[in-house]
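Given next are the chains, with one letter for each unit.
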Amino acid sequence: MSPALLDIHLTDGDADAALRADVRAGLTAIPKQLPPKWFYDARGSELFELITELPEYYPTRTERALLERSADAIAITSGADTIVELGSGSSAKTRLLLDAFGRAGSLRRYVPQDVSEAALRSAMDALSVEYPDLELHGVVGDFTSHLHRLPRGKHRMVAFLGGTIGNLLPAERAEFLERLRAVLQPGEQLLLGTGLVIDEETLVRAYDDSAGVTAEFNRNVLRVLNRELRANFPVEEFTHRALWDAENEWIEMRLVAQRAITVTLAELGLEVHFAAGEEMLTEISAKFTGPGVRAMLEEAGFTVTRTWTDPDDRFALTLATAT
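Fair warning: this is a prediction, and the values are worked out from it, not measured in the lab.

1. A look at unusual backbone geometry
- Cis geometry marks the peptide bond from Ile 30 to Pro 31, where omega comes out at -5 degrees.
- Positionally, Pro 31 belongs in the loop between helix H1 (12-27) and helix H2 (42-52).
- Positive phi, close to 55 degrees, is recorded for Glu 249, a residue that is not glycine.
- As for its position among the elements, Glu 249 is in the loop between strand S7 (238-245) and strand S8 (250-257).
- You will see that Asp 313, though not glycine, has its phi angle at about 55 degrees, which is positive.
- Along the chain, Asp 313 turns up in the loop between strand S12 (302-309) and strand S13 (315-322).
- In this structure Asp 313 comes out as partly exposed when scored by relative accessible area, which is 43%.

2. Regarding the sheet that holds strand S11 (residues 279-286)
- Strands sit in the order S7-S8-S11 across an open sheet of three strands; the sheet is antiparallel. Because the sheet does not close on itself, it has two edges, and the strands there are S7 and S11. Ignoring strand direction, the axes of neighbouring strands in this sheet form an average angle of 20 degrees.
- Of the strand pairs in this sheet, S8 and S11 are connected by seven bridges, and their pairing is antiparallel. Across the sheet, Met 253 pairs through a bridge with Glu 283, a residue of S11.

3. Section: the nonpolar core
- With 39 residues, the main nonpolar core has Val 23, Leu 27, Phe 233, Leu 265 and Phe 274 as its most contacted residues.
- Residue assignment for this core shows that the elements contributing at least two residues are H1, H2, helix H7 (200-206), helix H8 (213-228), S7, S8, strand S9 (261-265) and strand S10 (270-274).
- The dominant element in this core, judged by the number of residues it contributes, is H8, at five residues.
- Those residues in contact with Leu 265 that sit more than four places away from it in its chain are Val 23, Leu 27, Leu 229, Arg 230, Ala 231, Phe 233, Leu 270 and Val 272.

4. Quick look at the packing of aromatic side chains
- Tallied over the entire structure, the rule returns 13 aromatic pairs.
- Consider the rings of Tyr 57 and Tyr 207, whose centres lie 5.8 Å apart with planes at 75 degrees: the pair is edge-to-face. Of this pair, Tyr 57 sits in the loop between H2 and helix H3 (59-78) while Tyr 207 sits in the loop between H7 and H8, and the two are 150 residues apart along the sequence. One exposure class covers both Tyr 57 and Tyr 207, and it is buried.
- The ring of Phe 274 is capped by Lys 32, whose NZ or CZ atom sits 4.8 Å from the centre of that ring.
- When the ring centre of Tyr 58 is taken as reference, the NZ or CZ atom of Arg 314 above it lies at 4.9 Å.

Analysis parameters
For every chain, the first residue of the written sequence is number 1, and numbering continues from 1 along that sequence. In keeping with the predicted nature of the model, local features appear solely for residues at pLDDT of at least 70, side-chain atom pairs appear and are counted solely at 80 or more, and the whole-chain, interface and lining totals rest on all residues. Side-chain numbers here rest on the full set of heavy atoms in the structure, without hydrogens or water. By the criteria applied, helices consist of DSSP H or I runs no shorter than four residues and strands consist of E runs no shorter than two, each listed in order from the N terminus. Note on exposure labels: buried denotes an accessible area under 20% of the residue type's maximum, exposed denotes more than 50%, and partly exposed covers the range between, all computed with a 1.4 Å probe on protein chains only. Any two strands with at least two DSSP-identified bridges between them are counted as paired. Between N-to-C directions, angles span 0 to 180 degrees; the directions come from axes that are lines fitted to C-alpha atoms, helices contributing only their stretch in contact. We call a set of buried Ala, Val, Leu, Ile, Met, Phe, Trp, Tyr and Cys residues a nonpolar core when their side-chain atoms join them within 4.5 Å. The criterion used for residue contact is that any of the two residues' heavy atoms lie within 4.5 Å. Centre distance within 6.5 Å is the pairing criterion for rings of Phe, Tyr and Trp, where only the six-membered ring of Trp is used; planes under 30 degrees apart are then read as stacked, over 60 as edge-to-face, and the remainder as tilted. For a lysine, the NZ atom is tested; for an arginine, the CZ atom; a charge sits over a ring if that atom is within 6 Å of the ring centre and within 35 degrees of the ring normal.

Put into structure tokens, the structure is as follows:
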């Protein structure tokens, strides 16, 4: 069995400082907003797993089915000896790629990156048993800050799946892709998963399910602030709203105050006022077109090698090469 390595570039103290900075900036902004990464405490992660199983939420199962059909072609086209996965979590979908690259005979190493040390250790423990000949090198870090800490290799393919790039604003996307290109050698690759623009009704239902699971997931961020920052958000007095912004081509998730509310965040020494009906942005989920993905990648210094889409054109996997 190959030894597993784990690099830690993000500690609990770093995460706490980032939470405090993000919340202070977001709750004093006009309009108010919170970054979506703070959804994902243990309860938030459980709720998101439930969301992925809902009939309305098509992105996860669509991407997985697309990976099942395309993984061998991706492996043959790429030929990478190292897969780096950003935001790896449990590495569940990645096993499709690991198996395909194994069949292609090129894979030597897997580098999962995640903000959660516990999640990363758990995933690597399972992978070390399932893939005893695969070198594992985990990285605890934030993909927006620690790309330069990724271990180098001869021929890496960075996988950024789940449509996660859509959670970044356009300027943030451009900065992320430019930073990623800067740490790759010419010829190394990016496998990018993107949700595609489809009809508004289907999109909105995916983020506002009839069972109310997404609403609970959205409100969970307030529970995180209540616990971590000694805030007193009356969680049930905020309602979930999802809407499609056709101009920007993204879904917005918001929390709406049902009455005038004053919230104290004791750890920040901060008092925040919400007017009745005031909305706070908690997530964007941008959707893309094929030409839009190509232009975004080319601007950052990549050339699109090949794109795979599902039969309904709801999701795309794009293999791009650093030029």
